[in-house]
Amino acid sequence: MPRALSLCSLQSSGLSKISSPECLFPVRNPDLRGIFSSGVVSVAIALAVTSAAPSLAIPSLSSPSLSPTTPFSQSQNLQIGLENGKIRPCPSTNPGCISTNPKSSSFSFPWEIPESDSDSAVQKLKEAIFKTQTNVKIQAFEDTPNGQYLQAEVDGSFGRDVLEFLVKKDVVSYRCMATKVTYVYPFTTAIGDSRGQKERLKRIVEQLRWIEPDFEYMD
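Every value quoted in this text rests on a predicted model; they were computed, and no experiment measured them.

Undergrad: So what's going on with the overall build of the protein? Residues and values would help.
TA: Scanning the protein for helices and strands turns up 7 helices and 8 strands. For the protein, the residues scored as buried account for 31% of the 219 residues in total. A separation threshold of at least 6 residues defines the contact pool for the protein, and within that pool the share at least 24 residues apart is 49%. About 14,600 Å² of surface is accessible on the protein, with carbon and sulfur atoms providing 56% of the total.

Undergrad: Would you mind going over the environment of Ala121 in detail, with residue names and values included?
TA: Looking at the secondary structure, you find Ala121 in helix 5 (residues 121–132). The exposure class assigned to Ala121 is buried, which follows from its relative accessible area of 3%. Distance from Ala121 to Leu208, taken between C-alpha atoms, is 9.3 Å for residues 87 residues apart in sequence. When neighbours within four sequence positions are excluded, Ala121 is seen to be in contact with Ile113, Val167 and Trp210.

Undergrad: Please give an account of the nonpolar core that cites residues and values.
TA: One finds Trp111, Leu125, Ile129, Phe165, Ile204 and Trp210 to be the most contacted residues of the largest nonpolar core, which totals 22 residues. Taken together, the elements giving at least two residues each to this core come down to helix 5, strand 4 (147–155), strand 5 (160–168), strand 6 (171–178) and helix 6 (195–208). Sort the elements by how many residues they give to this core and helix 5 lands first, with 5 residues. Setting aside residues up to four positions removed in sequence, Ile204 forms contacts with Trp111, Leu125, Ala128, Ile129, Thr132, Gln133, Leu163 and Phe165. Ranked by size, the runner-up nonpolar core spans 5 residues in total, among them Leu78, Cys90, Val162 and Met177.

Parameters and conventions
Residues numbered from 1 in each chain as written. Predicted model: local features only at pLDDT ≥ 70, side-chain atom pairs only at ≥ 80, totals over all residues. Heavy atoms only, no water. Helix = DSSP H or I, 4+ residues; strand = E, 2+ residues; numbered from the N terminus. Buried < 20%, exposed > 50% of the residue type's maximum accessible area, 1.4 Å probe, protein only. Contact = heavy atoms within 4.5 Å. Areas by Shrake-Rupley, 256 points an atom, 1.4 Å probe, with all protein chains shown as cover. Core = buried A, V, L, I, M, F, W, Y, C linked by side-chain atoms within 4.5 Å.

Remember that the coordinates give geometry; whether it matters functionally is a separate question.
And the structure:
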């Protein structure tokens, strides 16, 4: 049996993984077989190299397609502080939040300060936070053109929570937010709700005995 036929027989039986030019393009003239075979091999190698190149290419890490903005990445960069002189809304990626900003899905009405406490509202607010929360740390306090801004950190259910208040005349706007957002693989929706934050704020306002409006109160 000729060698080419033996090799082809092996390939047809699945015993060989190498494609032979003689099997792909059988040439009857023995003198042309060597030239034709070497040409086919060269072309085959060239095609293999050019076709494999795109699959081996590694895009730049700076490519926008490799660095998408995910809910998780957004939750790791929570913005704190006033925005255009107002309390910020709750981030859409953080379910453990409540804010008086009307853009928030977890919205709450601002508090009303009784006239008897208007001169010492911020001091009384600090005292209420220390009495009702654990491991309190005042992070910022400043007078702004839009009111007095107070920021504090307290212990939360899964880490530290941040409380922000803006006292302006007889109104207190606020945002209470968990600084740690928890995700369960492979879901991209954060776990948590704003119930714990509502309970925290309720303890503070009850300690102050300030007015906490709601929809029934507005009616």
